[in-house]
Amino acid sequence: MTNLEKYHTLLSPAFQWGVSSSAYQIEGAVTQDGRGQSIWDIFSHTRGNTLNNETGDIACDHYYRYSQDVNLMKTLGVTHYRFSVSWPRILPQGRREAHVKGLAFYDRLVDTLLENRITPVVTLYHWDLPWALQEKGGWQNRDTADAFADYAALMVSFLGDRVKQWITHNEPWCTAYLGHLSGEHAPGIQEAQAAVDASHYVLVSHALATMAMRAMRTDLNIGITLNLSPVYPQDTSQESHKAARWQDIFNNRWFLDPLFIGQYPEELSEILGAQPPASAQDMEIIRQPLDFLGINYYSAQVVTAPSDGQVPWPVVHIKSTDRVSAMGWPVIPQGLTKLLVDLQNHYPNLPPVIITENGAAYNDIVEDGKVHDTDRILYLSDHIDALANALAQGVNVQGYYLWSLMDNFEWAWGYSKRFGIVYVDYRTQERILKDSFLWYRQLIQSVLSPKTPD
Ligand code: IFM
């Protein structure tokens, strides 16, 4: 018996079983119907930024195949679908004139989902900032936060009658760190001050957008999605404990503390080498109550102190015995339970939690038209068990969304990493159901209509 079966009664009847995706990773059609360019168009078309210089130009061609893809979700039996809106498809210049054809695409998608009894959940920002705004400083410019609030209000005016669950940002840590410090993601900047400025204005934009959306309608559930990764010290030494605290601030508290305590962690500036441009007024609005916190969980980290005292960064250890995914991320399902329980203990005002992404890339092989992805099934079932353990410890988890419905453009990794439970043949755009799809379908069915014991 899995833990989910054991704790089945702890699941609310409204528990959301979903799949997640994002616009640039699946839509393609980047020059169609008046779409403007995003920072990812420019970044991926700059040689050397992505594996094999791959781009999202075509991706899964979902812009044209969305109805087939919704059919797949219907077959899967999910109750919810989380997708993101491409900001430059709606506002090619980032602000002002909305583009009717861009809006019409999401209109069709939402209606098709509802016709199939699948609840749409919209993420407003999953990393594809309009290039026109980047040219004016992007997330390093506070004006971008105002533009984001206007865009959020526009989307609510358009879809708010049918879409009730909204996520402002997906993984602001990636926007800030990968986009502005390591430079692995668009816009490819490598500067500590740029990263903390971007993190702050992203949080301000989240707050302004939340207020603007709430001013328009009172029937919306609004949250933000953070990618969180719990940290374990490798041993009991003081140094390892300090390393774990620093890594926890870097991975998690950089965003959690401003959102739920109203201040940045004290050591953040020391860790990152730059100070966020925060005012008391900003911190006050960033802390406003949310309807839910979205969490993307993939892995955890075990750390020790840096070997060279000069460099502040803790050292992340991966044991040779660890299971690892094709991303090289260790598989640590119990980290999800720890994360959820620790969050609940640490932040008394934590809203209900939704796991908005969880999943794994593996090197899938098609054999006789089938993909036997047993590693992925094990990963998923272990993590759903870990979620059930957190429920059993009283954490209010209201949903689980698997990343991802289908293989897609994995950012700097191009198409080399497959996270889908549907295999995509990128030459033909054929979709092949992996064994994990059938497994997830069965799980959802058994939870939604459990057999009564004889
Ligand atoms: O593909 C990404 C997604 O865009 C954001 N969360 C993590 C996924 C896997 O890396």
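Structure first, text after, so check above.
Residues numbered from 1 in each chain as written. Predicted model: local features only at pLDDT ≥ 70, side-chain atom pairs only at ≥ 80, totals over all residues. Heavy atoms only, no water.

> Please explain the nonpolar core as it appears in this structure.
The tendency in soluble globular proteins is for nonpolar side chains to be buried side by side. Among the nonpolar cores identified, the biggest contains 133 residues, and Trp17, Val19, Trp87, Trp166, Trp254, Tyr400 and Tyr440 are the most heavily contacted of them. Among all residues touching tryptophan 166, those that are not within four sequence positions of it are Val122, Leu124, Met155, Val156, Leu159, Gly160, Met213, Leu220, Asn221, Ile222, Gly223 and Phe292. Grouped together as the second largest cluster of nonpolar side chains are five residues, Val121, Ile167, Phe292 and Ile354 included. (Core = buried A, V, L, I, M, F, W, Y, C linked by side-chain atoms within 4.5 Å. Buried < 20%, exposed > 50% of the residue type's maximum accessible area, 1.4 Å probe, protein only. Contact = heavy atoms within 4.5 Å.)

> Hey, could you run me through the packing of helix α14 (residues 334-346) against helix α15 (residues 374-392) in this one?
Any two packed helices are characterised by the angle at which their axes cross and by the distance between the axes. At a minimum axis separation of 8 Å, α14 and α15 run at an interaxial angle of 30 degrees. Here α15 runs roughly parallel to α14, going by the angle between their axes. By crossing handedness, the relation of α14 to α15 is classed as right-handed. Contacts from Leu336, Thr337 and Leu340 of α14 reach α15 at His383, Ala386, Leu387, Asn389 and Ala390. A per-class count over the contact of α14 with α15 returns five nonpolar, three polar and no charged. (Axes fitted to C-alpha atoms, helices over the stretch in contact; angles between N-to-C directions. Helix = DSSP H or I, 4+ residues; strand = E, 2+ residues; numbered from the N terminus. Parallel < 35°, antiparallel > 145°, perpendicular 65-115°, else oblique. Left-handed = near helix turned anticlockwise from the far one by under 90°. Nonpolar A, V, L, I, M, F, W, Y, C, P; charged D, E, K, R; others polar.)

> Mind showing me how you'd approach the sheet that holds strand β2 (residues 80-84) here?
Strand-to-strand pairing in sheets goes through backbone hydrogen bonds, with the strands running parallel or antiparallel. An order of β1-β2-β3-β4-β5-β7-β10-β11 is seen for the eight strands of this closed barrel, with the pairing classed as parallel. When the angles between neighbouring strand axes are averaged without regard to direction, this sheet yields 25 degrees. Pairing of strand β3 (residues 119-125) with strand β4 (residues 165-170) involves four bridges; the strand directions are parallel. Across the sheet, tyrosine 125 pairs through a bridge with histidine 169, a residue of β4. This element, helix α10 (residues 192-216), spans β3, β4 and β5 (221-227) of the sheet and lies at about 165 degrees to β4. (Pairing = 2+ DSSP bridges.)

> Which parts of the structure should I look at to understand the sheet that holds strand β8 (residues 301-304)?
As summarised here, the arrangement of the three strands in space is β6-β8-β9, forming an open sheet in which the pairing is mixed. Among the strands making up the open sheet, the edge pair consists of β6 (231-233) and β9 (315-317). In this sheet, neighbouring strand axes are inclined to one another by 45 degrees on average, regardless of whether the strands run parallel or antiparallel. For β8 and β9, the ladder comprises three bridges, and the chain directions are antiparallel. Across the sheet, threonine 304 pairs through a bridge with valine 315, a residue of β9.

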